[in-house]
Amino acid sequence: MGSLFRSEEMSLCQLFLQSEAAYACVSELGELGLVQFRDLNPDVNAFQRKFVNEVRRCDEMERKLRYLEKEIKKDGIPMLDTGESPEAPQPREMIDLEATFEKLENELREVNQNAEALKRNYLELTELKHILRKTQVFFDEMADSHREEEQVNLLGEEGIRAGGAGAQGQNLKLGFVAGVILRERLPAFERMLWRACRGNVFLRQAMIEDPLEDPSTGDKVYKSVFIIFFQGDQLKTRVKKICEGFRATLYPCPEAPTDRREMAMGVMTRIEDLHTVLGQTQDHRHRVLVAAAKNLKNWFVKVRKIKAIYHTLNLFNLDVTQKCLIAECWVPLLDFETIQIALRRGTERSGSSVPPILNRMETFEDPPTYNRTNKFTHAFQALINAYGVASYREMNPAPYTIITFPFLFAVMFGDLGHGTIMALFGLWMVLKEKPLAAKKSDNEIWNIFFGGRYIIFLMGVFSMYTGFVYNDIFSKSLNVFGSAWSINYNTSTVMSNKALQLDPAGADYAQTPYPVGLDPVWQVAPLNKIIFQNAYKMKISIIFGVIHMLFGVFVGLFNHRYFKNKMAIYCEFIPQVIFLVFLFFYMTLLMFIKWVKYSASSKIVAYSAGCAPSILITFINMVLFKAPDENNGDCSPFMFAGQQGLQKFLVVVALLCVPWMLLAKPILIMRGRKEAAVSISELMCLIIKILAFNGDADGLNQHNNATGTQGAQQPPAQQQGGAGHGHDNEEMSEIFIHQGIHTIEYVLGSVSHTASYLRLWALSLAHAQLAEVLWNMVLQNGLKQDGWIGGIALWAVFAFWAVLTVGILVLMEGLSAFLHTLRLHWVEFQSKFYAGLGYAFQPFSFEVILESSSSSSED
């Protein structure tokens, strides 16, 4: 839990592994997931690395497994997933895996090819069966009395007479071709025949009612049978070319009826035989796929682990003897012993006698940031990392966000009913997280909701609390403790006035405040409600905002103390706190003083509610050094004695903090550089004296006593605390510019950020008003109906109201409040102490690799 407040301490280590033990050791580190390796061959091409052949073999095995997976999914066979992760197999087992995958792929491809050939043959026979059936009808019609009319239409009367005379009584004989074509191509096919053959062909067609299966794609297609009559070889050639262009399939069709019947009987016999063979082929294919489905998940895990290990080994270097692999890696110091145990375990598995060596290295490189999280804190850490990964050992905002994020959200969303809906939804995801996580939905929105289930649950619980404080449940109030107000009006007064105001100074108020939250009477006081809630929620928004920002400034103090940056403490932290406290925290104190001191029932005129000065006007007059108007009868513009003098002192000190923040740090850096330069010059003079006296210590001491030089005994400027603290290589002009930007950002940001917290007030009022509008304009209409019609109407109106409540007030308003809360944390809170300029610790972990691989394969 300590690493959640500040990232883990990391160390750069050098790892020496014997070549025979390297695979097993890296496998153990992958299971552990606590080591981030560095690439020691950045200039080497990926195809020129040592283990590129092993990676290619893994790619080939993965390709074969994806082919098996596709075929298994095509048949709808469930794949066994035990949830276990088998260990990475030894390198010698790769040969057995390759042989197994090769055998399965070849067998499956052969079965598929045979099945496709059988299906194609089955399709041809089925089409031929339909052709023989349909053409029988065509020929029967041609044998009728309409034969002469069709010949006349085809050739014309003159053609028949001329043909008859020229052939000297020889009978005219028409040729024909028969086939099948896709139904959607038939109209264009018919038009092309008419145009290309100039109307000298006769086409008959009939639809095949049942769809046919395409053997290549497995899709269902609809086709039609056609027969084309023509005369002459020239037309025959032209017709066949058109059929070929439209991908029509032609089949032989005997002209004699007896031959057609015999062919049809043979076709039916062959179809029955093919159907039997196809069933046996499908059964064999199914058995092969079922056997493969039992082990497919484990095979994928094994191959991906092998591939990840060899990818990691390609990051290593070989020593000169070619017997040892050298790696550099980042490791958390707390897990140093655990990593060494894993390395020893890998060495024992490989049977090597040479133990691995893990040495810590000194480096000036910034280590990666590693914040150890669990399933509860992971979502909150993800919110912070979305803004920027923390710098190494920088204070982490995540643990504070666990409380402040749902609380500030609830201030804007506060409604007991809506909060209950959100809390129940989050609680359901928390209780069902194991089965829900196992489903791995492709819906990105659902994955976001499920990943933030603990955030949603906390936001709902905090919203229930603030809704109870606001006494607001679906725009109505709960009278739990009994109201402290009473209506002292007679009947005529109530009936003759549409709206009445409650007077807290009179007998209407019992002078005993509601124990928790708001009195329910405010819900039925339309004239008082908005005015009271405006003032109440506006003030608490400013109070929460100032406290939140002050907390952020104080968190920054821990950064300065950890990095031993005393200059930042004296030149930045102290003036920042003084500026924020003396101006804006003082304004919040005035709010508390006003609440405590002034009352509507006060018998002293100066302390009555009408004499309470405006906090905003008081603050503006304070900053502008403007004297308030004192000509207000018995009412005083000040809340306590000496307020005006105190305010002038606070403003003057706050204004002095601006040049303090602007100039102190650059001046100290400049002074430290001058002292360092003097020390270096004195050191150079001492070296020259030593060389001049040729090692004569007595003469040198006499010279030093004469000149009074004590430069050799002066400590460097950095040891005296006047160092530049990381600004040694930066120009002074740039330091002044950067400090000016930071000062202006903080001073102006303190004003704008304080005003930005007013969104807590604005969204809270908007949410309450939307809920009230939905109640008055939707649900209230259903409650006014009487009788059984009213019951049906109430059911329909309630359904409509519930949909609008969940869709608008819970989802849309919840998303709006979430985004505003996120902005308050990223900008107003984290800008006070959080740089977020680091990079995340990305260890070599099989769990992460397998999770990313499975998600990418599903996409």
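First, a word on scope: everything that follows refers to the structure included in this document. Quick caveat, the model's predicted, so the values are computed rather than measured.

### Overview of the packing of helix α19 (residues 526-562) against helix α20 (residues 566-597)
Phase 1: At their nearest, the axes of α19 and α20 sit 10 Å apart, and the two run at 160 degrees to each other. Of the possible angle classes, the one that applies to α19 and α20 is roughly antiparallel. When you trace α19 past α20, the crossing you get is left-handed.
Phase 2: Grouping the constituent residues of the contact of α19 with α20 by class yields 21 nonpolar, three polar and three charged.

### Observations regarding the sheet that holds strand β3 (residues 175-182)
Phase 1: The sheet built from four strands is open, its strands ordered β4-β7-β3-β8 with antiparallel pairing. Each end of this open sheet is capped by a strand with a single partner; those strands are β4 (202-207) and β8 (249-251). Within this sheet the neighbouring strands show an average axis-to-axis angle of 25 degrees, counted without direction.
Phase 2: Pairing of β4 with strand β7 (residues 223-230), which is carried by six bridges, proceeds in the antiparallel orientation. Opposite Leu-203, over in β7, you have Ile-228 as the bridge partner.
Phase 3: Against the sheet, helix α7 (residues 186-196) touches β3, β4 and β7, its axis set at about 10 degrees to β7.

### As for the state of the cysteines
Phase 1: A full pass over the atoms with the stated rule returns one disulfide.
Phase 2: At a sulfur-sulfur separation of 1.8 Å, the disulfide partner of Cys-611 is Cys-635. Because the sign of the S-S torsion sets the handedness, a value of about -50 degrees for the bond joining Cys-611 and Cys-635 places this disulfide among the left-handed ones. A residue pair is termed long-range when its members are at least 10 positions apart, and Cys-611 in the loop between α20 and α21 (615-623) and Cys-635 in the loop between α21 and α22 (643-693) qualify at 24 residues. The burial state of Cys-611 is the same as that of Cys-635; both residues are buried.

### Structural notes on helix α24 (residues 732-756)
Phase 1: Between its first and last C-alpha atoms α24 spans 34 Å; for 25 residues at 1.5 Å apiece the expected length is 36 Å, and the two agree.
Phase 2: Met-732, Ile-735, Gln-739, Gly-740, Thr-743, Tyr-746, Val-747, Gly-749, Ser-750, His-753, Thr-754 and Ser-756 are the residues of α24 that are buried.

### Section: the environment of Asn-621
Phase 1: Tracing the chain through its elements places Asn-621 in helix α21.
Phase 2: The class for Asn-621 is buried, based on a relative accessible area of 14%.
Phase 3: Once the C-alpha coordinates of Asn-621 and Gln-647 are considered, the two residues, 26 residues apart in sequence, prove to be 9.5 Å apart.
Phase 4: With sequence-adjacent residues up to four places away left out, Asn-621 is seen in contact with Lys-626 and Pro-628.

### Observations concerning the pattern of salt bridges
Phase 1: This model, assessed by the stated rule, comprises 30 salt bridges.
Phase 2: For Glu-31, the salt bridge identified is with Lys-305, shortest N-O distance 2.7 Å. Here Lys-305 lies in helix α10 (residues 296-313) and Glu-31 lies in helix α2 (residues 19-32), a separation of 274 residues in the sequence.
Phase 3: Taken together, the shared-partner salt bridges connect Asp-59, Glu-62, Arg-304 and Lys-307 into one network.

Conventions we followed
- Residues numbered from 1 in each chain as written.
- Predicted model: local features only at pLDDT ≥ 70, side-chain atom pairs only at ≥ 80, totals over all residues.
- Heavy atoms only, no water.
- Axes fitted to C-alpha atoms, helices over the stretch in contact; angles between N-to-C directions.
- Helix = DSSP H or I, 4+ residues; strand = E, 2+ residues; numbered from the N terminus.
- Parallel < 35°, antiparallel > 145°, perpendicular 65-115°, else oblique.
- Left-handed = near helix turned anticlockwise from the far one by under 90°.
- Nonpolar A, V, L, I, M, F, W, Y, C, P; charged D, E, K, R; others polar.
- Pairing = 2+ DSSP bridges.
- Contact = heavy atoms within 4.5 Å.
- Disulfide = S-S within 2.5 Å.
- Buried < 20%, exposed > 50% of the residue type's maximum accessible area, 1.4 Å probe, protein only.
- Expected span 1.5 Å × (residues − 1).
- Salt bridge = Lys/Arg side-chain N within 4 Å of Asp/Glu carboxyl O.

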